[in-house]
Amino acid sequence: MRHFAVVLLFLCRCCAAGQNEPIQTFVIPHSHMDVGWVYTVQESMHAYAANVYTSVTEELSKAADRRFIAVEQEFFRLWWDTVATSSHKKQVRQHVKEGRLEFIIGGQVMHDEAVTDLDDDILQMTEGHGFLYETFGVRPQFSWHVDPFGASATTPVLFALAGFNAHLVSRIDYDRKDAMQRNKKLQFVWRGSPTLKEKQQIFTHTMDQFSYCTPSHLPFSNSSGFYWNGVALFPDPPKDGVYPNMSLPVTEETVQAYAKTMVENIKLRAAWFRTNHVLWPWGCDKQFYNSSVQFNNMDPLMKYINQNSKDLGVTVQYATLSEYFQAIYQSDVVWEPRGSEDFLPYSTEPHQAWTGFYASRNVLKGVARQASSRLHAAESLFARYRVGFPDGPVPRDWALERLRALRWAVSEVQHHDGITGTESPKVADMYLQHLSQAAAGVDELLAALALLPHSPEKTASVPGTRRRGEGVHILPEDCGMLMTSVRQPLERHVVIYNPLAWNATAVVNVTVSFPTAAVFDNVGKPVRAQIQRSARSNVTYDLFIVAELGGLQHRRYLIRFSEEKCSGGGCDWTYEAEGVTFERRNIRDGRKTGRRLLPVMNGCYELMFDQDTNLLHSITHLQEKRRVRMTQDFWQYDANGDIKSGPISDNYIFSANGSAVRAYEAVEMEIVPGRIVTEIRQRFYREEGDKDYTYSITTRVPECFGRRRPCHRLEQTCSLGPLHLNTEVVLRTSSCLRTNRTLYTDDNGYQMMKRTHRKFTNNTLARNYFPMVRAAYIQDDVSRLALVSDRAHGVSSQADGQLEVMLHRRLRNNLPWNLGYNLTLDDSSVATPTLWMTLGSIGVASQLGQRDAVELQHRPVVLPIDPPERSWQEEEARGGAPPVRSVVLPPNLHLLSLSIPGWNYSSDHDVHLRHVNSGEDLHPEPDYDRVLLRIMHLFEEGEDPELSKPVAINLKHVLQGIGEVKKLEERSLTGTWDISRLQRWKWKTADDLKTNNNSCRSGGEEPFTVTICAKEIRTFFVHFASGNF
Ligand SMILES: [Zn+2]
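Residues numbered from 1 in each chain as written. Predicted model: local features only at pLDDT ≥ 70, side-chain atom pairs only at ≥ 80, totals over all residues. Heavy atoms only, no water.

Moving on: the packing of helix α5 (residues 118–136) against helix α19 (residues 909–918). Contact geometry of α5 with α19 gives a least axis separation of 7 Å together with a crossing angle of 65 degrees. Residues Y133, E134, T135 and F136 of α5 form the contact with α19, whose own contacting residues are H909, H912 and V916. Taken together, the residues that form the contact of α5 with α19 break down as three nonpolar, three polar and one charged. (Axes fitted to C-alpha atoms, helices over the stretch in contact; angles between N-to-C directions. Helix = DSSP H or I, 4+ residues; strand = E, 2+ residues; numbered from the N terminus. Contact = heavy atoms within 4.5 Å. Nonpolar A, V, L, I, M, F, W, Y, C, P; charged D, E, K, R; others polar.)

Here it is, written out as structure tokens:
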């Protein structure tokens, strides 16, 4: 008691010196529920996640002032669909209505910010928002990004587009957070896009140093902080409800000590903010699974503080996040604006740079992006099919079920311990399994859909009638190509689909097992092709087919195989390419370079390879007539294996143990000159005498032909692994460009960020690593050297003119911690990422860069199909089946989404709310006629004199290849708001820029005509006249 009196005295002096009003504390009960990490989703549901929602629902009903925020929708939906009773559901609806249970973010997961692509971030939010709006009529308006490792500048833009009023982040550089805290600058108005600026600005709250967990140290107890429900138990919750490490109950004896600790903490934090409000998150990872105990202790503690608020100088109240932000908003403070700088990378301490996860689990990162591209293709094909054949033979619920499974799987892996590669091996396997299972389902759908528009009367390939064993599967490292999984017939029929709304002349690679092949299109015309032994296998062949496809168009092709030399029609059209092998060279022998150079040329470049090293020597950009000295090879960082000898690298952290060393001793080269592509295969051997190579680069130099075939893309597929333990391997491209170590990398594929090399007292190397989701480049005054990527990596420029991409890591160290959580990154896989390298003038490179990144992401899809009923000769006699009509957008606009979400809500919010409130399920059927369309302008303001301009398009005209547009409704990013009713909070800023949403548009728009300005993403519901084909 004496002790307590002293504290009161101390506290009162504080109040007197500070504000007169007590500090208003918003206690926000929450449970951080990782959709993955150490335990699988099923294990988490069983051990605690289901109990969170069951017990919180029951507890909220017991006292009107209690609150809770629900964050990760995947767990909530699983609970709602499989656990909740009708009485729970009734209670939840009531709590939501009263604002006591609030859905925050509303995405399926709390997505990672560094290595996710905006397509997937939007998808996972759309999935969650659709469910919440449909079920409760609510639209999340606040974010709670408490755990992603760093904060991207794209996230606030996406949240603003989704209609959010405020954003919240936590994990940013420790030193920067310190400074912001000291200077009361943790809150600001973020203008994440340099082009959209104040149009899509959003108030952002950075959590203070305590982050999202209640303080865990109690001076009077060994138990863990304010968590009376203890620690969640795996695999089963305890039968008696007694969990380990439950805190001392709040009683007459303990309440003062708890209050003292809490009030001290609140006061400490209040000093870091500009208003008199403190956000006090009450919770942490896996909390509130036993929430009766939790609330029953929180209630009396809070009551005690409020009864003594005059003395303590503090009031406390249960709150949702919106209640906190409302209070801040009403405080009328003028906030500092922040530009488009992001908070990447992220360090927690001088030696703890979280830049390793950019490259952890490369294979998972690749499979996730491949599945996302496959989904994108299937969505647009299904939307086309539904509009064209509303009564067609592919059952719509069967189709929607498959699409939803892949939407869910792609959403799930965006979790911040998912695609980041920071999860345990069994959780990584769970993501892979969900992705491949759902992708296989969608492939069945694609195969069924691809046939139909050519022959609507055909029913042979209706789902369920496909013969078993003829299914197709995505190979984990198959870069978007499909193979039949059974015996090869002498003929193969494929459909090639262009999922982009741009015309394309694409080279499509099909792996086959015959040395000779002839390819014909749907009317029997021979098609240009090239065949050669595969770079990756001695028993297969790569067949490159030149496919001419309009936007969103697909064509059928026939491939005829032969064991012998080809004879007869069509053979001249397939070039059989043979390789020339160059002797293996030890790196020691390559001291004198440039003596014996081998040129490989196409219409854009002359590449020189050095026969003394078998490495790239230079690239001449023919248009600019500039030769750039350039070499490319693999280097490795050796990670410290022992935590006692210094900082270590792990799933999250990259901590280089010195500079990188060459990862190989000798290089072999093979050149396969071709007429469609010329392949340069470089194989890197760890030791000169090794039988097998560990790394390789296969560079494909495209021949230029046709109007639309770009010759500037050098496709490079690398292969790495299995790596030695505790190594991290980079592909280093060193050029003579004078760049001062400045590089540019993308935030989520949406915008490029300038990364100037920064020097730190410690850890300079690792802190100059950045995420590369789709692209990175370096440039001097004249030329730009760019890489675009099919998955995320880490990237850095450690020397002038250098760009190094971390492609793979294998780590086994810090075993006591890692094994405790089963978080070793002992990844023995072989990774095969693909990059497109380009070199050119800055002007041309910026015209092409964004499009290249999109085109690599969404390459044509090859679908094996059953032989058609009519032979192609018959088709030819009939004049050929007309291909589906193309859908083409201008070059600076990208068709981000074209899908049928299948939501059942009314587009009219009032009507929908009446339905929700009536308690009747008036729209049980998914809406199959509402098409979700998103169009994105790819360019920043001023990036290109022509392409940056606003573009007006008439959607009725653009979409006529799909059907007749009847109605167009503009919506918010995730579809839940009618854009004309969306009024986001206007936060006051020091420069008080007046927001003008239409500043780039001149005058009103004609019906069906929309003007899309630089960097905008516009979302629509489109209704077509049905069955008009
Ligand atoms: Zn987390």
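What follows picks up the thread again.
For the rest of this paragraph, the subject is the coordination of the zinc ion. Within the protein, the atoms that donate to the zinc ion are H32 (NE2), D34 (OD), D147 (OD) and H416 (NE2), at distances of 2.0 to 2.1 Å. If you look at the zinc ion, its four donor atoms make angles of 91 to 160 degrees with each other, and the shape they trace is irregular. On the primary sequence, the residues serving as donors to the zinc ion are separated as H-x1-D-x112-D-x268-H. Of this pair, D147 sits in the loop between α5 and α6 (154–161) while H416 sits in the loop between α13 (396–412) and α14 (425–451), placing them 269 residues apart in sequence. On the basis of relative accessibility, which here comes to 4%, the residue D147 falls in the buried class. Judged by relative accessible area, H416 falls into the buried class, the value being 0%. (Donors = N, O, S within 2.8 Å, 3.2 Å for Na, K, Ca; no water. Tetrahedral: all angles 85-135°; square planar, octahedral: opposite > 155°, others 65-115°. Buried < 20%, exposed > 50% of the residue type's maximum accessible area, 1.4 Å probe, protein only.)

What follows deals with the sheet that holds strand β46 (residues 1017–1025). Ordered in space as β41-β42-β46-β44, the four strands form an open sheet in which the pairing is antiparallel. Of all the strands in the sheet, just β41 (893–899) and β44 (964–971) have a single pairing partner and so form its edges. Within the sheet, the average angular offset between the axes of one strand and its neighbour, ignoring direction, is 30 degrees. Looking at chain direction, β44 and β46 are connected through seven bridges and run antiparallel. (Pairing = 2+ DSSP bridges.)

All right, on to unusual backbone geometry then. Among all residues save glycine, negative phi is the norm, and among peptide bonds the norm is trans. That bond from F234 to P235 is cis: its omega, 0 degrees, falls within 30 degrees of zero. A cis amide bond links L344 with the next residue in sequence, P345, at an omega value of -5 degrees. Relative to the helices and strands, P345 is located in the loop between β9 (337–338) and β10 (347–349). Of note in this structure, N726 is not a glycine but carries a positive phi near 60 degrees. Summarising the element assignment, N726 is placed in the loop between β30 (714–720) and β31 (727–735).

Moving on: the state of the cysteines. A full pass over the atoms with the stated rule returns two disulfides. The side chain of C213 participates in a disulfide bridge whose partner is C284; the two sulfur atoms lie 2.0 Å from each other. Across the S-S bond of C213 and C284 the torsion is about 65 degrees, and the bridge reads as right-handed. Within this pair, whereas C213 is found in the loop between β6 (202–206) and α8 (255–270), its partner C284 is found in strand β7 (residues 277–285), the two being separated by 71 residues in sequence. You'll find C213 and C284 in the same group, each marked buried. (Disulfide = S-S within 2.5 Å.)

The next point concerns the confidence of the model for the protein chain. Per-chain confidence: the protein chain averages 90 in pLDDT, with 90% of residues scoring 70 or above. Every residue in residues 1–18 is under pLDDT 50, and counting partners more than four places away or in other chains gives 18 contacts. Here residues 453–488 scores under 50 on pLDDT; set against residues more than four positions off or in separate chains, the count is 80 contacts. (pLDDT = per-residue confidence, 0-100.)

Turning to the side chain of Q530, a few remarks are in order. Its place among the elements puts Q530 in strand β17 (residues 529–533). Judged by relative accessible area, which is 0%, Q530 ranks as buried. One polar contact links the side chain of Q530 to the main-chain amide nitrogen of I676, over a distance of 2.7 Å. For Q530, the side chain forms a polar contact with the main-chain oxygen of V677, separated by 2.9 Å. The contact partners of Q530, leaving out residues within four places of it in the chain, are D542, L543, F544, T574, Y575, A577, G674, R675, I676 and V677. (Polar contact = N/O pair within 3.5 Å; in protein donor to acceptor, adjacent residues only side chain to side chain.)

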